[in-house]
Amino acid sequence: MTKQTKKRRILVAITGASGAIYGVRLLEMLRGSSNIEVHLTLSKAGRLTLGAECRREASELEAMADVVHSAANVGAAPASGSFRLDGMIIVPCSIKTASNIAYGNTADLISRAADVMLKERRNLVLAVRETPLHWGHLETLTRLAKLGAVIFPPLPGFYHNPETIDEIVDQSCMRMLDQLGIDVEAAPRWGEADGVAPIGANSCDEDG
Ligand SMILES: Cc1cc2nc3c(=O)[nH]c(=O)nc-3n(C[C@H](O)[C@H](O)[C@H](O)COP(=O)(O)O)c2cc1C
């Protein structure tokens, strides 16, 4: 007997790196997509940074999700590969959590669910935020990329001429969702008819 899940399931995890605003905005974007079932989990440090940076309670974010999981519960549904998750994004992703995933330390739900995504060859996007990066960070990120994760530091682009923090955040979140195959038109795209006009479009040669 086959059973089809109509909605795509996405797990959003918010950890304690700076940039809680990216997690908030991404959830708001997903909430607007009727064909996506949003699962959410926040680490303890993620709750702290959410309060410090956005002045928001975890409960406000949890109200935007279809299903909320305790980050301490390694028995929750996303801890098993038999639970059909279409994608997972950790946004923002701390170095601690990135390291846990890279080296198989799966004592909490976030690192366990991410490990499951990798072993099942499913989409895992890590919005890792730290700067500057030392050799150990870079080695960890290289290892994660080799394992199949998308390393997506929320580095702003400026080619769409943003004027506000929201415009910067929106563009990064839109591009993160692109990685999960979710279309949200939240910022002008380069070269699209309603986006940013490409430059040098008619010249293939440098003198031209
Ligand atoms: C305000 C604040 C900002 C932080 N910013 C970062 C950061 O940008 N990157 C990072 O890796 N850790 C950052 N940390 C430290 C993490 O919160 C800490 O390493 C924590 O243990 C991460 O745990 P988690 O991955 O379970 O959320 C920050 C902590 C605080 C309180």
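Residues numbered from 1 in each chain as written. Predicted model: local features only at pLDDT ≥ 70, side-chain atom pairs only at ≥ 80, totals over all residues.

A look at the site of the ligand
Part 1 of the reasoning: Surveying the vicinity of the ligand reveals 16 residues, the closest of which are Thr15, Gly16, Ala17, Ser43 and Ala45.
Part 2 of the reasoning: Listed by contribution, the elements that provide at least two residues to the shell around the ligand are α2 (44-54) and α4 (95-102).
Part 3 of the reasoning: Among the elements that take part in the shell around the ligand, α2 stands out by supplying five residues, more than any other.
Part 4 of the reasoning: Looking at the shell around the ligand residue by residue, the class counts come to five nonpolar, eight polar and three charged. (Near = placed C-beta within 6 Å. Helix = DSSP H or I, 4+ residues; strand = E, 2+ residues; numbered from the N terminus. Nonpolar A, V, L, I, M, F, W, Y, C, P; charged D, E, K, R; others polar.)

As for the sheet that holds strand β3 (residues 67-68)
Part 1 of the reasoning: Taken in spatial order, the six strands line up as β3-β2-β1-β4-β5-β6 in an open sheet, and their pairing is parallel. Taken across any chain shown, the strands that pair with only one partner, and hence form the sheet edges, are β3 and β6 (150-151).
Part 2 of the reasoning: Bridge analysis of strand β1 (residues 8-14) against strand β4 (residues 87-93) gives four bridges, and the strand direction is parallel. Paired with Leu11 across the strands is Met88, a residue of β4.
Part 3 of the reasoning: Along the sheet face, helix α1 (residues 20-31) touches β1, β2 (36-42), β4 and β5 (123-128) and points at about 150° away from the line of β4.
Part 4 of the reasoning: Its contacts with the sheet place helix α7 (residues 165-179) against β4, β5 and β6, and it is angled at close to 155° to β5. (Pairing = 2+ DSSP bridges. Contact = placed C-beta atoms within 7 Å. Axes fitted to C-alpha atoms, helices over the stretch in contact; angles between N-to-C directions.)

Comments concerning the packing of α1 against α2
Part 1 of the reasoning: Axis separation between α1 and α2 bottoms out at 8 Å; the angle between their running directions is 95°. What the angle tells us is that α1 and α2 run roughly perpendicular. Each of Ala20, Ile21 and Val24 in α1 lies in contact with α2, whose residues at this interface are Thr49, Leu50, Glu53 and Cys54.
Part 2 of the reasoning: Broken down by class, the residue content of the contact of α1 with α2 amounts to five nonpolar, one polar and one charged. (Parallel < 35°, antiparallel > 145°, perpendicular 65-115°, else oblique.)

Quick look at the pairing of β5
Part 1 of the reasoning: Across the six residues that make up β5, a large majority, five, are buried.
Part 2 of the reasoning: Here β4 runs beside β5; their pairing, made up of five bridges, is parallel. Counted as the bridge partner of Ile89 is Val125 from β5.
Part 3 of the reasoning: Pairing between β5 and β6: two bridges, direction parallel. Directly across from Leu126, in β6, lies its bridge partner Ile151.
Part 4 of the reasoning: Between the parallel pair β5 and β6, the chain is carried across by helix α6 (residues 135-147), and the sense of this crossover is right-handed. (Buried ≥ 20, exposed ≤ 12 C-beta atoms within 10 Å, placed from the backbone. Right-handed = clockwise from strand over helix to strand, strands pointing away.)

Focus on the environment of Asp108
Part 1 of the reasoning: Considering the arrangement of structural elements, one finds Asp108 in the loop between α4 and α5 (109-119).
Part 2 of the reasoning: In this structure Asp108 comes out as buried when scored by C-beta crowding, with 21 C-beta atoms within 10 Å.
Part 3 of the reasoning: Residues Asp108 and Asp183, 75 residues apart in the sequence, show an inter-C-alpha distance of 30 Å.
Part 4 of the reasoning: Apart from residues lying up to four places away in sequence, Asp108 is in contact with Ala71, Ala72 and Val74.

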